[in-house]
Amino acid sequence: MKLSARNQLNGKVTGVELGAVMANVKIEIAEPGVITAVITKESVENLGLAEGDDVVALIKSTEVIVGK
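Presented here is an overview of the structure given in this document. Remember, it's a predicted structure, so these values are computed and weren't measured experimentally. (Residues numbered from 1 in each chain as written. Predicted model: local features only at pLDDT ≥ 70, side-chain atom pairs only at ≥ 80, totals over all residues. Heavy atoms only, no water.)

Before going further, it helps to spend a moment on the pattern of salt bridges. Throughout the structure, instances matching the rule amount to 1 salt bridge. Residue D54 pairs with K12 through a salt bridge whose shortest N-O separation is 2.8 Å. Taken together, the positions of D54 in strand 4 (residues 54-59) and K12 in strand 1 (residues 7-18) put the pair 42 residues apart, joining distant regions of the chain. (Salt bridge = Lys/Arg side-chain N within 4 Å of Asp/Glu carboxyl O. Helix = DSSP H or I, 4+ residues; strand = E, 2+ residues; numbered from the N terminus.)

Listed below in structure tokens is the structure:
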């Protein structure tokens, strides 16, 4: 599948924390080390995400906040 998103980070799931509606998915990547994706619990279940899975994190540039 080809995607228009240019910010694609390959990583490995290191933890999945399910809530009632949302879930925190920890993804280990080369730099900065670990990122956390907050996605719906339904998405975690539909994707069958589990610790040790290889994944790609796609970051939309309209959702990035820069601080100094």
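And the narrative resumes.
What follows covers the sheet that holds strand 1. With respect to topology, 4 strands assemble into an open sheet ordered 3-2-1-4, the strand pairing being antiparallel. Here the strands that pair on one side only, and so sit at the sheet edges, are strand 3 (34-40) and strand 4. In this sheet, adjacent strand axes meet at a mean angle of 50° when their direction is disregarded. Where strand 1 and strand 2 (residues 22-28) come together, 6 bridges link them in antiparallel fashion. Within strand 2, the residue paired with V13 across the bridge is I27. (Pairing = 2+ DSSP bridges. Axes fitted to C-alpha atoms, helices over the stretch in contact; angles between N-to-C directions.)

Take the nonpolar core next. Counting 9 residues, the largest nonpolar core consists of V13, A23, V25, I27, I29, V44, L49, V55 and A57. Secondary-structure elements contributing two or more residues to this core are strand 2 and strand 4. Top element by residues in this core is strand 2. It accounts for 3 residues. Ignoring sequence-local partners within four residues, the contact set of V44 consists of V16, L18, A23, V25, I39 and L49. (Core = buried A, V, L, I, M, F, W, Y, C linked by side-chain atoms within 4.5 Å. Buried < 20%, exposed > 50% of the residue type's maximum accessible area, 1.4 Å probe, protein only. Contact = heavy atoms within 4.5 Å.)

Attention shifts here to the environment of A57. Checked against the element boundaries, A57 lands in strand 4. Residues A57 and I27, 30 residues apart in the sequence, show an inter-C-alpha distance of 8.1 Å. The residues contacting A57, other than those within four sequence positions of it, are N7, Q8, L9, I27 and I35.

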